[in-house]
Amino acid sequence: MQLSGTIQKMHTHLNKGVAQYQLPIGDKLLNMNDLVGEKITLSFNQLIHCTHCGKKTNKSYSQGYCYPCSQKLASCDLCIMKPETCHHHLGTCREPQWGLDNCFSPHLVYLANSSGAKVGITRKSNIPGRWIDQGALSALPILEVDTRLKSGILEMALKQFVNDKTNWRKMLKNEVDPINLPLIRDELLNKIKSTIDSTGAQVLNNEALEINYPVVEYPSKISSLNFDKTPIITGVLKGIKAQYLILDCGVLNIRKFGAYNITLTY
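Asker: What is the right way to read the sheet that holds strand β2 (residues 11–15) from this model?
Answerer: Where strands meet in a sheet, backbone hydrogen bonds hold them as pairs that are either parallel or antiparallel. Taken together, the three strands give an open sheet; going across it, the order is β2-β3-β4, and neighbouring strands pair in antiparallel fashion. Taken across any chain shown, the strands that pair with only one partner, and hence form the sheet edges, are β2 and β4 (28–31). Here the strands of the sheet are splayed against their neighbours by 30° on average, with no regard to which way each runs. Alignment of strand β3 (residues 18–25) against β4, held across four bridges, turns out to be antiparallel.

Below you can see the structure in the form of structure tokens.
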């Protein structure tokens with residue numbers, strides 16, 4: 001069978017502890033879990049259409065936008081990557097209403113184990129999708145605040161003691177040891193008590209969530225696939241983790257190629 005159209009990052013949810021993936025392609029949603037173990041071909045049709053305005057663009061910016069949209073949308077601003085730099089209160093937000101809707105809503109500070117312990121933040125409504133997107137084997141929300149700015153301030157305080165990055169190669173090889181996240185949480189919260197008090201954060205006492213992925217074989221060596229360099233990619237789908245398709249010929253980061261028009265044959 002074949003499906004053609006513009007792709008976006010895969011939709012995710014959990015079912016009995018296993019990450020489930022659906023690939024938006026055109027106006028369809030393709031269940032990718034069903035294709036694990038099968039030979040597939042992904043062909044780039046040399047078309048990229050901006051996720052926001054729909055215009056054709058020669059290059060994708062910020063994972064799916066044309067250049068003008070990447071410069072005017074609040075969702076593409078630097079403060080999305082560095083929430084502690086939020087400038088909405090200064091009246092300089094690119095889209096003030098978007099900022100109110102997205103940055104002034106409950107946010108969580110969490111610990112996750114994707115390639116070792118890391119700290120991160122996300123909107124409360126984006127759980128567990130955020131953790132699946134990072135390929136976390138386990139995750140634990142530890143603090144809740146009412147704005148993205150406050151979550152960024154807390155993350156900055158925690159980054160003094162714990163990593164905030166995922167080693168994506170280790171994550172994809174599954175070279176990850178089990179971690180006692182509640183124990184790490186208790187140690188870290190004691191170190192940033194003053195920041196917790198100043199932000200009015202609510203300390204959470206949740207259990208860690210365990211996540212499994214539809215992978216039959218992890219790669220021993222990571223080779224990145226790229227539609228711009230290899231427009232036709234064929235291989236056996238060995239699994240899916242984070243937003244990566246793990247093929248016997250390499251790994252493809254679907255999120256990186258949002259807005260690309262492809263044909264998927266299976």
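Asker: Hey, could you run me through the environment of Glu 155 in this one?
Answerer: Tracing the chain through its elements places Glu 155 in helix α5 (residues 148–158). Counting along the chain gives 71 residues from Glu 155 to Glu 84, while the straight-line C-alpha distance between them is 8.5 Å. The residues touching Glu 155, leaving out its near neighbours within four places in the chain, are Pro 83, Val 119, Gly 120, Ile 121 and Asp 164.

Asker: When you look at the pairing of strand β11 (residues 232–241) in this model, what are you seeing that I'm missing?
Answerer: Remark: a regular strand shows side chains that alternate across the two faces of the sheet. Judged from the five bridges that link them, strand β5 (residues 39–48) and β11 form a sheet pairing that is antiparallel. From the neighbouring strand, Lys 39 faces β11, where its bridge partner is Val 236. The pairing of β11 with strand β12 (residues 244–247) spans four bridges and is classified as antiparallel. Across the sheet, Leu 237 pairs through a bridge with Leu 247, a residue of β12. Hairpin connection between β11 and β12: a loop of two residues separates the two successive antiparallel strands, and Ala 242 in this loop has a positive phi of roughly 55°.

Asker: Would you explain the side chain of His 87 in this entry?
Answerer: Mapped onto the elements of the fold, His 87 is located in the loop between α2 (78–81) and α3 (96–103). Of note is the side chain of His 87, whose polar atom sits 3.0 Å from the side chain of Asp 77. Sequence-distant contacts of His 87, defined by excluding residues within four places in its chain, comprise Asp 77, Cys 79, Thr 92 and Cys 93.

Asker: Just to check I follow, could you spell out the side chain of Thr 199 for this structure?
Answerer: Residue placement: Thr 199 occurs in helix α8 (residues 193–199). Classification of Thr 199 as buried rests on a relative accessible area of 7%. Here the side chain of Thr 199 touches Thr 195 through a polar contact of 2.9 Å, landing on its backbone oxygen. Once residues lying within four places of it in the same chain are set aside, the contact partners of Thr 199 are Val 145, Lys 150, Ile 153 and Leu 154.

Asker: Explain the pattern of salt bridges here, please?
Answerer: Where charged atoms of side chains with opposite charge meet at close range, the side chains can pair. Throughout the structure, instances matching the rule amount to nine salt bridges. Residues Asp 164 and Lys 159 are paired through a salt bridge, measuring 3.4 Å at the closest nitrogen-oxygen approach. Exposure remark for Lys 159: the relative accessible area of 33% places this residue in the partly exposed category. In this structure, the salt-bridge partner of Lys 193 is Asp 197, at a minimum N-O distance of 3.3 Å. A residue pair is termed a helical-turn pair when its members lie 3 or 4 positions apart in one helix, as Lys 193 and Asp 197 do in helix α8 at four residues.

Rules and cut-offs
- Residues numbered from 1 in each chain as written.
- Predicted model: local features only at pLDDT ≥ 70, side-chain atom pairs only at ≥ 80, totals over all residues.
- Heavy atoms only, no water.
- Pairing = 2+ DSSP bridges.
- Helix = DSSP H or I, 4+ residues; strand = E, 2+ residues; numbered from the N terminus.
- Axes fitted to C-alpha atoms, helices over the stretch in contact; angles between N-to-C directions.
- Contact = heavy atoms within 4.5 Å.
- Polar contact = N/O pair within 3.5 Å; in protein donor to acceptor, adjacent residues only side chain to side chain.
- Buried < 20%, exposed > 50% of the residue type's maximum accessible area, 1.4 Å probe, protein only.
- Salt bridge = Lys/Arg side-chain N within 4 Å of Asp/Glu carboxyl O.

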